[in-house]
Amino acid sequence: MNSQLKPDELAALLRQRMEQCDRAVDTTEFGTVLSVGDGIARVDGLTGVMYNELVESENGVAGLALNLEEDVVGVAILDSDVNVREGDRFHRTGRVVSVPAGPALTGRVVDALGRPLDGKGPLVGTEPMPVEAPAASIIERKNVNTPMQTGLVAIDALTPIGRGQRELIIGDRKTGKTTIAIDTILNQKGSDVHCFYVAVGQKLSTVAALYRQLENAGAMAYTTIILANASEPAPLQYLAPYSGCAMAEYWMNRGGHALVIYDDLTKHAQAYRQMSLLLRRPPGREAFPGDVFYLHSRLLERAAQLSDAKGGGSLTALPIVETQANDISAYIPTNVISITDGQIFLEAGLFHQGQRPAINPGISVSRVGGDAQLKAMKKVAGPLRVMLAQYRELEAFTSFSSDLDAGTLDQLAVGRALMQSIRQKPGAPMPVSHQVALLYAGTHRALVGIPEIRLQEAIAALFNAIGSTQTGQAYAARFAASPVLDDELNGLLEKLTAEALGPFSKR
């Protein structure tokens, strides 16, 4: 017996079928892990995946698609690969790797993916920023013309750094590279600069000590630490500098100013080499892949001083590179030197002689130069490089001769006084007004007549006089109003140095 549907039942059935036709079809693309090891998974089936796309496994492990081969995809695991096994499935997310950015990160310690490591709770109110972003074009930039004061007289006088500049800090291990970076962060206290310190391949104890130093100095109030320590997988060490740059770009794009320190790019390149060899990419010089130059150029080119039309924000980069036996002609050092706007070279010999910071003024250079200096600083620091170069040349000559004329002895005395004057204890950045007064005293021979044993005491007396004496207070007020070395400021400096340093002179 044939049963017939009633018209209302037939209409209800048709409506139900039509509603099912409107449902979205799940088109998520999955791939199967063929093999996994050393942080690299080879995945089959992700035919439409994009380069640098974020992929995820079914148990939440993230990966980065780096090798797009004909039959398989090489995925760098952005976590421990213990939770990834052969046969697991990865699916596409359709987006690139992003990290959180914004005011909530200030004062925090996070990993390369922006996950908190300091136990202070989750990040709230952040905005995702892609770790890879194109650098600002030439039209969107303007010349670097605002000083980024480091508080170190040897740098601010000889190799000045401007907002938006990329200045390389290079030298052997244990020569004070990180100390310069930390002093620069400490000197930004009270300014509008947001600081980001990226630790790549560092020991956890080293970063913990650095955090305590910044915390005790009150610098964590404007600083973020991005940590990919030595025990982290190579993909996280590779990603960390780009994450720090993205977090800093958040402020630059909004008209603010940011300083990001990459400590260090040598370990960054080594992590990338490890990944590339595991991904079976062809090795080149020193087993680095052929695109290792692009690895750092696309990172450092994102530092810029934006034009007024783009908000006038800036991103200053201080990359650090470690050398072996002062060899700056090695592969990674020459690559980064060619990308940056100058380098601060720290010499191991000077460091062991007690010259801190151990800056070699002959090799160190800033391609921005006087454009990133106050006019008074530019004037007093002008003859400094030549005087130090002459002193180093004469000092080398004196080791072969004992009979020196009076003029040579006098020039050596001036050079020794200048070398002493640019010595500085770590963790004690110097205001620019103090630097100008010190350099004025050094280049005008006011320090020559002081016994070497009392030189640091005399310099301390000069700084004390700036805040305590009538002449010093008048100089500080005049410098704050207009840092130009005109006749009035020159007269105040001459009087100040005579009053403060006179009691220490043996002549």
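Scroll up to find the structure.
Residues numbered from 1 in each chain as written. Predicted model: local features only at pLDDT ≥ 70, side-chain atom pairs only at ≥ 80, totals over all residues. Heavy atoms only, no water.

Visitor: For this particular structure, what's the right way to read the overall build of the chain?
Guide: For the chain, the count of helices and strands is 16 helices and 17 strands. In terms of overall dimensions, the chain has a C-alpha envelope of 130 × 50 × 40 Å along the principal axes. Counting every position in the chain, which comprises 507 residues, the buried fraction comes to 51%. Contacts in the chain between residues at least 24 apart in sequence constitute 73% of all its contacts with a sequence separation of at least 6. Total accessible area on the chain stands at roughly 23,100 Å², and carbon and sulfur atoms take up 52% of it. Within the chain, the 54 negative side-chain charges are centred at a point lying 4 Å from the centre of the 47 positive side-chain charges. (Helix = DSSP H or I, 4+ residues; strand = E, 2+ residues; numbered from the N terminus. Buried < 20%, exposed > 50% of the residue type's maximum accessible area, 1.4 Å probe, protein only. Contact = heavy atoms within 4.5 Å. Areas by Shrake-Rupley, 256 points an atom, 1.4 Å probe, with all protein chains shown as cover. Lys, Arg positive; Asp, Glu negative; His and termini not counted. Charge placed at Lys NZ, Arg CZ, Asp CG, Glu CD.)

Visitor: Any chance you could explain the sheet that holds strand E4 (residues 62–68) here in plain terms?
Guide: What holds strands together in a sheet is hydrogen bonding between their backbones, with the strands either parallel or antiparallel. An order of E1-E2-E5-E4-E3-E6 is seen for the 6 strands of this closed barrel, with the pairing classed as antiparallel. Strand-to-strand twist in this sheet, taken as the mean axis angle between neighbours without regard to direction, amounts to 45°. (Pairing = 2+ DSSP bridges. Axes fitted to C-alpha atoms, helices over the stretch in contact; angles between N-to-C directions.)

Visitor: Help me understand the packing of aromatic side chains in this model?
Guide: Given two aromatic rings, their pairing is described by the distance between the two centres and the angle made by the two planes. Inspection of every chain in the model, using the stated rule, returns 5 aromatic pairs. With a centroid separation of 5.3 Å and an interplanar angle of 85°, the aromatic rings of Tyr 250 and Trp 251 are classed as edge-to-face. The two residues Tyr 250 and Trp 251 agree in class, both being buried. Residues Tyr 475 and Phe 479 carry aromatic rings whose centres are separated by 5.9 Å and whose planes lie at 50° to one another, so their mutual orientation is tilted. Taken together, the residues Tyr 475 and Phe 479, both in helix H15 (residues 470–481) and 4 residues apart, mark about one turn of the helix. (Phe/Tyr/Trp six-rings, centres within 6.5 Å; stacked < 30°, edge-to-face > 60°.)

Visitor: Whenever I open this one, the environment of Ala 396 confuses me. Can you help?
Guide: Structurally, Ala 396 is set in helix H11 (residues 384–398). Ala 396 sits 58 residues away from Arg 454 along the chain, and the two C-alpha atoms are 25 Å apart.

Visitor: What should I look at first to understand unusual backbone geometry in this one?
Guide: Backbone phi values are negative for most residues with the exception of glycine, while trans is the configuration of most peptide bonds. Note the cis peptide between Asp 263 and Asp 264, where omega equals 0°. With respect to the helices, strands and loops of the structure, Asp 264 is situated in the loop between strand E13 (257–263) and helix H6 (265–278). Here the phi dihedral of Asn 52 falls at roughly 70°; this positive angle occurs in a residue that is not glycine. Mapped onto the fold, Asn 52 is located in the loop between strand E2 (40–44) and strand E3 (53–57). Even without glycine at this site, Ala 325 takes up a positive phi of about 55°.

Visitor: Help me out: how do you make sense of the side chain of Thr 224 in this one?
Guide: With respect to the helices and strands, Thr 224 occurs in strand E12 (residues 223–228). Excluding residues that lie within four positions of it along the chain, Thr 224 makes contacts with Leu 105, Thr 106, Gly 107, Arg 108, Cys 195, Phe 196 and Tyr 197.

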